[in-house]
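# Commentary on secondary and tertiary structure
In case you want the letters, here they are:
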Amino acid sequence: MPLPIRAFDNYSFVTNFAGGHFIPNDRLFIILTDKNTVSAGEGMVDLVLNVENVLVIGQNTRGMLAKSGGLHFYLPYSGILIHFGAAVIFKPKGLFQEGVGFAPDIWVYGDALEAALAFLDRR
């Protein structure tokens, strides 16, 4: 299924991922997240949330989901490089917020891997 992408101008695009379409999966798939899960890592979390039987364990992701490949500008007087992302991403309300990220299914204060292994031992 192609991604729902629409051109915004010559440099940018808009994506709108309306939920409700799940990929069948009969095996448990565990994703570990924390505040260091950023950008492409958050993109992966976003994609696997469309797969059945996925469990996210850990802490909220960073909340910096951006698409690369946007515009690069140098400020005229300081020469500082400014980068603008290439996409506006619309998510269903409550799924993702910039600066907050994706919330896990099981929130862990310590090490997410240790928690996942303990969870699997009890299954």
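Before any of the text, the structure's been laid out above.
Rules and cut-offs
What you see as residue numbers is a count from 1 along each chain, following the sequence as written. This being a predicted model, a pLDDT of at least 70 is required before a residue's local features are given, and a value of 80 or more before pairs of side-chain atoms are given or counted; all residues contribute to the totals for chains, interfaces and linings. Side-chain calculation: all heavy atoms of the structure are included, whereas hydrogens and water are not. Classification of residues uses two cut-offs on accessible area relative to the type maximum, computed with a 1.4 Å probe and protein chains only: under 20% is buried, over 50% is exposed, and between them is partly exposed. Only DSSP runs of H or I reaching four residues or more are called helices, and only runs of E reaching two or more are called strands; each is numbered from the N terminus. Two strands qualify as a pair provided DSSP detects at least 2 bridges between them. Crossovers are described as right-handed under a simple rule: with the strands pointing away from the observer, the path leading from the first strand over the helix to the second runs clockwise. What makes two residues a contact is simply this: any of their non-hydrogen atoms within 4.5 Å. Axis geometry follows a simple rule: fit a line to the C-alpha atoms, using only the stretch in contact for helices, then measure angles between N-to-C directions, giving values from 0 to 180 degrees.

Of all the five residues making up strand β4 (residues 54-58), five are buried; the element is thus mostly covered by neighbouring parts of the structure. Residues Val 54, Val 56 and Gly 58 point to one face of β4 and Leu 55 and Ile 57 to the other, with burial holding for every one of them. Relative to β4, strand β3 (residues 29-33) runs parallel, the two being bridged by five bridges. Note on β4: the bridge partner recorded for Phe 29 is Val 54. Crossover handedness for the path β3 to helix α1 (residues 40-48) to β4: right-handed. Taken together, the two bridges between β4 and strand β8 (residues 106-107) define a ladder with parallel strand orientation. Following the sheet pairing, Ile 57 is matched in β8 by Ile 106.

A word on the sheet that holds β8. In spatial order, the strands read β3-β4-β8; together these three strands make up an open sheet with parallel pairing. Of all the strands in the sheet, just β3 and β8 have a single pairing partner and so form its edges. Lying over the sheet, α1 contacts β3 and β4, oriented at roughly 150 degrees with respect to β3. Its contacts with the sheet put helix α2 (residues 112-122) on β3, β4 and β8, and the angle it makes with β3 is roughly 155 degrees.

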